[in-house]
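Residues per chain, in single letters:
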Amino acid sequence: MNKYSMLKGLIALQAVCMVTLTVIVVVHMLLPVKAKKPADIGKAGDEKIIAEVGGEKITEQELHDRLRRLYGTQELHTLLVRRAIGLEAEQQGITVSGLELEEELSRMMQGYEGEADFYKTMRNQLGLGKEDILEDTKYRLLLEQIAIRQIDVSDEEVQAYKEAHPELFSPGTTFHLSWIVTHSLQLANQVIDKLESGEEFAKLAKQYSIDSFTADNGGDLGYIESDDPFIDKEVLDAAAELETGRITGPIPVERGYAVIYLTERQMKTPFDEDRQREYARRQAALQAAKPLTEIESELLEKYDASIHRQP
C-alpha cells in the first residue's frame, strides 16, 4: 500500500463516522506469535489460557479485562447511540433501503480498483470487515435522515450545491499509473531510452526512481482519479492523453522529472439525474442541520440513556 492509496483510504473513511475501534486495536495489539493447537491451550486453575510467552501465561480473563478497561466505555457509548438511533428511526418511520445503502457504498468506493480492493483496504488499514462497514454505513444514513427530516431544501439550493461540487456529479476518469521520478532531465531521458529498448518499467523504477514510497513496488501509484489533489496536475494531464500500455515523459514534477506508464483507464459513470438531485438535496440539508454528534446527544437524552456500571 503506497502513500497515495493510504491517503485516499483515509479520506474515504471520513464517511464512516461511527466506526467501531475495538477490532482495530486488537489486531495491532497482538504480536504475530506461533499459534498452538487447541490441545496445547489449557487452563490455569479456573482461568483459560489463550497464549504464552517465555513461560508466562496470558488468560482469556486478562485479555477481556484489559479490552473492557481500555475500550469498554467507548464501545458501550456506540451501542447506546445505535439503540437510540434505531428507536428514533422506528418512531419516525425512517428506514434505509438496500438501494440507498448500495449507492452510498458505491460513492465510498470511488477511487479504488473495485469492491474487493475497497474492502481489502478497510481490513488492512482499520481492521474492519464488510459487515462492520455495512452496519456503520446503515446507522450513519439513519442518523442523517433523522437530522434532516424537518429541513426543507429548495430546488435552487439543490442546484447551487451541484454547481459547487461538480466533481460529485460529473463523469470522471480513473488512471492506474506507475512512475519513475529522477533528479535530472538527463537521467529521465536515459530511463526512456531503456524503456524504448525493451527494459521492464518495474525493474527500472526500483533502480532509478527517487520516490521511496513507490520505487520498491515498481513505481506503482495505484488507481488515481483524474482530479486527484495529491498528484501533480502535469502528470494527470499527460495521463489523460496517454494510450493504455504506453509511456510518456519526462514531465517536470516537484522533486525532479517523471516518466509515467498508464496500465489502465476506467470511466466513472454518474448516477441518473433524479438520484443526483436526491443526493444533492440530502447533502445541502446536512449543511443546514445540527452537527450529527449533537443529534446523538439529544437522542441519548430523549431515550433516557444511562450506564449502570462503568466498564
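The rules behind the values
- Residues numbered from 1 in each chain as written.
- Predicted model: local features only at pLDDT ≥ 70, side-chain atom pairs only at ≥ 80, totals over all residues.
- Heavy atoms only, no water.
- Helix = DSSP H or I, 4+ residues; strand = E, 2+ residues; numbered from the N terminus.
- Buried < 20%, exposed > 50% of the residue type's maximum accessible area, 1.4 Å probe, protein only.
- Contact = heavy atoms within 4.5 Å.
- Areas by Shrake-Rupley, 256 points an atom, 1.4 Å probe, with all protein chains shown as cover.
- Core = buried A, V, L, I, M, F, W, Y, C linked by side-chain atoms within 4.5 Å.
- Axes fitted to C-alpha atoms, helices over the stretch in contact; angles between N-to-C directions.
- Parallel < 35°, antiparallel > 145°, perpendicular 65-115°, else oblique.
- Left-handed = near helix turned anticlockwise from the far one by under 90°.
- Nonpolar A, V, L, I, M, F, W, Y, C, P; charged D, E, K, R; others polar.
- Arc of directions from axis to C-beta.
- Bend = angle between axes of the 7 residues up to and from the residue.
- Salt bridge = Lys/Arg side-chain N within 4 Å of Asp/Glu carboxyl O.

Our focus in this paragraph is the overall build of the chain. Counting its secondary structure elements, the chain contains 12 helices and 7 strands. The burial tally for the chain puts 38% of its 311 residues in the buried class. Within the chain, contacts between residues separated by at least 24 positions form 73% of all contacts whose residues are at least 6 apart in sequence. Accessible surface computed for the chain: about 18,500 Å², of which carbon and sulfur atoms make up 50%.

Here we come to unusual backbone geometry. Even without a glycine there, the phi angle at Asp304 is positive, about 55°. Mapping Asp304 onto the fold places it in the segment after helix H12 (292-302).

Take the nonpolar core next. Counting 24 residues, the largest nonpolar core has Ile85, Leu142, Ile146, Ile148, Ile295 and Leu299 as its most contacted members. Those elements that place two or more of their residues in this core are helix H3 (60-92), helix H6 (130-148), helix H7 (155-164), helix H11 (273-288) and H12. Broken down by element, this core gets its largest block of residues, 6 residues, from H6. Ignoring sequence-local partners within four residues, the contact set of Leu299 consists of Ala84, Ile85, Glu88, Leu143 and Ile146. In this structure, Leu177, Trp179, Val253 and Ala258 belong to the second largest nonpolar core, which totals 18 residues.

Attention shifts here to the packing of H3 against H6. Direction vectors running N to C along H3 and H6 enclose 50°, while the axes themselves pass 10 Å from each other. When the axes of H3 and H6 are compared, the pair comes out oblique. Read as a crossing pair, H3 and H6 show a hand that is left-handed. In this structure, H3 contributes Arg82, Ile85, Glu88 and Ala89 to the contact, and H6 contributes Glu135, Asp136, Tyr139, Leu142, Leu143 and Ile146. For the contact of H3 with H6, the class distribution of residues is 6 nonpolar, no polar and 4 charged.

Attention now moves to helix H9 (residues 201-208). Structural remark: α-helix, 3.6 residues per turn; residues separated by three or four positions point the same way. Buried within H9 are the following residues: Phe201, Leu204, Ala205 and Tyr208. All buried residues of H9 fall inside an arc of 105° around its axis, so they share one side. When the buried face of H9 is taken as reference, the exposed residues oriented beyond 90 degrees from it are Lys203, Lys206 and Gln207.

Tyr71 marks the point of greatest bend in H3, at about 65°. Inspection of H3 places Leu67, Tyr71, Gly72, Glu75, Thr78, Val81, Arg82, Ala84, Ile85, Glu88 and Ala89 among the buried residues, and these make up the whole buried set. After H3 finishes, the residue Gly93 shows a positive phi value of roughly 70°.

One pass over the full model with this rule turns up 15 salt bridges. One network of salt bridges, with partners in common, ties together Glu104, Arg140, Glu144 and Arg282.

Direction vectors running N to C along helix H5 (residues 115-126) and H6 enclose 90°, while the axes themselves pass 9 Å from each other. The angle between H5 and H6 places the two elements in the roughly perpendicular class. Of H6, the residues touching H5 (which contributes Glu115, Phe118, Tyr119 and Met122) are Lys130, Ile133 and Leu134. Among the residues making up the contact of H5 with H6, the classes are represented as 5 nonpolar, no polar and 2 charged.

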